Amino acid sequence: MSAAIWMEVLKAKGRKIWLVVAIMMAVQLLWAGWAISNKDANDLAQGWLFFLYQFPMLNCIIMPVIAAVVASRLSDVEHKGQTFKLLETIIPTKRIFAAKFIWGSIYMLGAALGQLAIMIGMGVVLHFGGPVPWGALVGYLLFTLMVSLTIYVFQQGISMLVANQMVPMTLGLIGGFIGLFSMFFPQGFQKLVLWSYYGVLMQVGMNWDPITRATDFYWKAIDWPGLGLILVFFGLIYGVGQILFVRREV
Amino acid sequence: MLIRALQAEMIKMRHSPMWLAFLLIPIIPAFMGTFNYLNNLSMLENKWYSLWTQHTLFACYFFLPVLIGIYASYLFRLEHANHNWNTVLTAPVPITQLFMAKLIMGWLMVILTQIWMGLLFIFSGLLAGLSDPIPPELPLWLLFGALGGMVVCALQLSLSLVIRSFAVPVGIALMGGIAGLALLSQGYGLYFPYALITLGMRANDPAAPMAVGEIAFLVACAIFTSGFCLFAITWLKRRDVVTG
């Protein structure tokens, strides 16, 4: 397996995939800076809650795009060079799928850690109220990673099965947009949409007063059944994706 | 020659799955916008004009830049595959016309998208029970939106020419759309190509005149488009192609 992963590392060399992740993080940083720039001292007292509410919302659109781009970059190289037939003569097909998943996951982990660094960095610099909520931030990292890896494995499956990368890219974007929009719907509906789990696993809620237009953030209980469901989705998508990839004719 | 290059582009587009993105992506902001409008009727009192703000709110920042990014990536997809750049660049067609054929093809798709968005807007309004006449400014909003979209199309074609990947330029388009939202709110929309769609479609206040003035908008569109075309044509003329 380590040889298969090392091959992925070599193939990704010079393809500037980290640059894509960095650009996405830069946009997220800009967004966070812009969102927090018009906050006064009272609002900053709830800065950690504000970020833990805003970032998952933005993730609905940012992380699926990172997943789609990374999966597409890692699979496109094989389609362009028609190298799947070569690879499958020397490595078990399941292992190719697993190696690509593991290497792709590193990028998703990098993006999630980047977000955490943005949050902690801005929180410390801008003196958000209270101590750093390490428990909630670790929870955020784990939940973001879990949802992102599930979306990534979905994207990888389609990107490896369909040579035309327009199809996975379009499906990924449509999924991301539906995920963002599903936040307006009840949780029952949200749990049916893979891309909306960033919202399902949010640890912060928001009260908005339509008269005063004031917002107030509060901690909310973690949706453990939701976490269980996304784990089930992950297992299912990985299994189905792998089976379809193994069975396809090269 | 340009006509023949354009015909070649049309042949390349035949049977492509582009219709999937063209038809489906604009439906999402239309649905989201109408849903938002119906849920906030107490605050959104300007009927068709309010519905327009809700439709364009999501479309201009997220969906249109992405959709145009997909169009542009698709237009260069075949050239980047196999060794097709060698074939394309040894054909007796001037490079300027090669690029212009792709640009015109992209522009056609942008115009068709605007028409589709206009139809979706009218259809959504009727479904939402709006009985007032359709705003007479609608064709103008769509036209100026198309002009902004054409600038983004020229930019995305330049990106898709340089970046030999389908997905990366589309990702950049989405980031550009989100950055456009922030820059527009700071008053720098005219200087950022991705924000021109929002400005052109009067997404923030359709009842008011354009925030930056029509002339300034048209000048910005012309400068950006010429700049991106010049860059792409120079790139194709000066750089050796990478194939495979």
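Fair warning: this is a prediction, and the values are worked out from it, not measured in the lab.

1. Here we look at the overall build of chain B
Step number 1: Regarding its fold elements, chain B presents 9 helices and 0 strands.
Step number 2: Going from the N terminus to the C terminus, chain B shows its helices and strands as α-α-α-α-α-α-α-α-α.
Step number 3: Computed over C-alpha atoms, the radius of gyration of chain B comes to 19 Å, within 12% of the 18 Å expected from 2.2 N^0.38 for 244 residues, which places it in the range of a compact globule.
Step number 4: Judged by the C-alpha coordinates and their principal axes, chain B covers about 60 × 35 × 30 Å.
Step number 5: If you take every contact in chain B between residues at least 6 apart in sequence, the share linking residues at least 24 apart comes to 79%.
Step number 6: Roughly 10400 Å² of accessible area belongs to chain B as shown, and the carbon and sulfur atoms make up 69% of that amount.
Step number 7: Side chains of chain B give 11 positive and 8 negative charges; the mean places of these two sets differ by 19 Å.

2. What to know about the UniProt feature "transmembrane region" (unreviewed entry) in chain A
Residue and element names in this part refer to chain A.
Step number 1: UniProt records the feature "transmembrane region" (unreviewed entry) for residues 17–36, 48–71, 101–128, 134–154, 166–185 and 226–246 in the present numbering.
Step number 2: The straight-line gap between the two end C-alpha atoms of residues 17–36 is 29 Å; of that span, 100% is helix and 0% is strand.
Step number 3: Within the segment residues 166–185, helix and strand shares are 80% and 0% respectively, and the terminal C-alpha atoms sit 29 Å apart.

3. Notes on the nonpolar core
Step number 1: The biggest cluster of nonpolar side chains holds 170 residues, and the ones touching the most others in it are Ile66(A), Ile70(B) and Leu174(B).
Step number 2: With near-sequence residues (within four places) excluded, Leu174(B) lies in contact with Ile61(A), Val65(A), Leu173(A), Phe177(A), Phe62(B) and Val66(B).

4. A short note on the environment of Pro133(B)
Residues and elements named next belong to chain B.
Step number 1: If you trace the backbone, Pro133 turns up in the loop between α5 (95–127) and α6 (138–162).
Step number 2: The exposed category is assigned to Pro133, whose relative accessible area is 70%.
Step number 3: In sequence terms Pro133 and Phe228 are 95 residues apart; their C-alpha atoms lie 40 Å from each other.

5. Thoughts on the side chain of Ser159(A)
Step number 1: Tracing the backbone shows Ser159(A) in helix α7 (residues 134–161).
Step number 2: Ser159(A) has contacts with Ala71(A), Ser72(A), Ser75(A), His79(A), Gln165(A) and Pro168(A), leaving out every residue within four places of it along the chain.

6. Observations regarding the pattern of salt bridges
Step number 1: Applying the stated criterion across every chain, the model contains 11 salt bridges over all chains.
Step number 2: Residue Lys100(A) pairs with Glu8(A) through a salt bridge whose shortest N-O separation is 2.8 Å. In this pair, Lys100(A) sits in helix α6 (residues 93–125) while Glu8(A) sits in helix α1 (residues 2–12), placing the two residues 92 residues apart along the sequence. A single burial state applies to Lys100(A) and to Glu8(A), both of which are buried.
Step number 3: For Glu79(B), the salt bridge identified is with Lys12(B), shortest N-O distance 2.4 Å. With a gap of 67 residues between them, Glu79(B) in helix α3 (residues 48–80) and Lys12(B) in helix α1 (residues 2–13) connect regions that are remote in the sequence.
Step number 4: Classification of Glu79(B) by relative accessible area gives buried; the value is 2%.
Step number 5: Classification of Lys12(B) by relative accessible area gives partly exposed; the value is 27%.
Step number 6: What emerges from the salt-bridge pattern is a single network uniting Glu8(A), Lys11(A), Glu78(A) and Lys100(A).

7. Examining unusual backbone geometry
Step number 1: Phi at Gln82(A) takes a positive value of approximately 50 degrees, unusual for a residue other than glycine.
Step number 2: Mapping Gln82(A) onto the fold places it in the loop between α4 (47–81) and α5 (84–90).
Step number 3: Of note, the phi angle at His15(B) is positive, near 60 degrees, even though the residue is not glycine.
Step number 4: With respect to the helices, strands and loops of the structure, His15(B) is situated in the loop between α1 and α2 (18–39).

8. So, the interface of chain A and chain B
Step number 1: Taken together, the 28 residues of chain A in the interface contact 33 residues of chain B.
Step number 2: The junction of chain A with chain B conceals about 3000 Å² of combined surface from both sides, 84% of it contributed by carbon and sulfur atoms.
Step number 3: On the chain A side of the interface with chain B, the three residues burying the most area are Met166(A), Phe177(A) and Phe181(A), jointly 22% of the side's total.
Step number 4: At the junction of chain A with chain B, the criterion picks out 0 salt bridges.
Step number 5: Taken together, the links from chain A to chain B amount to 4 residue pairs in polar contact (both at pLDDT 80 or more).
Step number 6: Element by element, the count of residues in the side of chain A that touches chain B is highest for helix α8 (residues 166–181) of chain A, at 9 residues.
Step number 7: Residues belonging to the side of chain A that touches chain B are distributed by class as follows: 21 nonpolar, 4 polar and 3 charged.

9. Here's the deal with the UniProt feature "transmembrane region" (unreviewed entry) in chain B
Residue and element names in this part refer to chain B.
Step number 1: Under the feature "transmembrane region" (unreviewed entry), the UniProt entry names residues 20–38, 58–76, 107–128, 140–163, 170–195 and 215–236.
Step number 2: Helix makes up 96% of residues 140–163 and strand 0%, and the two end C-alpha atoms of the span are 34 Å apart.
Step number 3: Secondary structure within residues 215–236 divides into 100% helix and 0% strand; the distance between the first and last C-alpha atoms comes to 32 Å.

10. Observations regarding the packing of aromatic side chains
Step number 1: Overall, the coordinates contain 30 aromatic pairs over all chains when judged by the stated rule.
Step number 2: On the numbers, 6.0 Å between centres and 40 degrees between planes, the contact of Phe97(A) with Phe245(A) is tilted. Taken as a pair, Phe97(A) in helix α6 and Phe245(A) in helix α11 (residues 224–247) lie far apart in primary sequence, 148 residues in all. For the pair Phe97(A) and Phe245(A), one class covers both residues: buried.
Step number 3: Ring geometry for Trp103(A) versus Tyr107(A): centroids 5.4 Å apart, planes at 75 degrees, classification edge-to-face. One end of the pair is Trp103(A) and the other is Tyr107(A), both in helix α6 and 4 residues apart, which spans about a single turn. In this structure, Trp103(A) and Tyr107(A) share a single accessibility class: buried.
Step number 4: In this structure, Arg202(B) is placed above the aromatic ring of Phe144(B), and the distance from its NZ or CZ to the ring centre is 5.4 Å.
Step number 5: Directly above the ring of Trp235(B) sits Arg239(B), whose terminal nitrogen or CZ lies 4.2 Å from the centroid.

Basis of the calculations
Residues numbered from 1 in each chain as written. Chains lettered and ligands numbered in written order. Predicted model: local features only at pLDDT ≥ 70, side-chain atom pairs only at ≥ 80, totals over all residues. Heavy atoms only, no water. Helix = DSSP H or I, 4+ residues; strand = E, 2+ residues; numbered from the N terminus. Rg over C-alpha atoms; globule rule 2.2 N^0.38 Å. Contact = heavy atoms within 4.5 Å. Areas by Shrake-Rupley, 256 points an atom, 1.4 Å probe, with all protein chains shown as cover. Lys, Arg positive; Asp, Glu negative; His and termini not counted. Charge placed at Lys NZ, Arg CZ, Asp CG, Glu CD. UniProt positions renumbered as here; feature names shortened; annotations may be inferred. Core = buried A, V, L, I, M, F, W, Y, C linked by side-chain atoms within 4.5 Å. Buried < 20%, exposed > 50% of the residue type's maximum accessible area, 1.4 Å probe, protein only. Salt bridge = Lys/Arg side-chain N within 4 Å of Asp/Glu carboxyl O. Buried area = accessible area lost by both parts, 1.4 Å probe. Polar contact = N/O pair within 3.5 Å; in protein donor to acceptor, adjacent residues only side chain to side chain. Nonpolar A, V, L, I, M, F, W, Y, C, P; charged D, E, K, R; others polar. Phe/Tyr/Trp six-rings, centres within 6.5 Å; stacked < 30°, edge-to-face > 60°. Lys NZ or Arg CZ within 6 Å of the ring centre and 35° of its normal.

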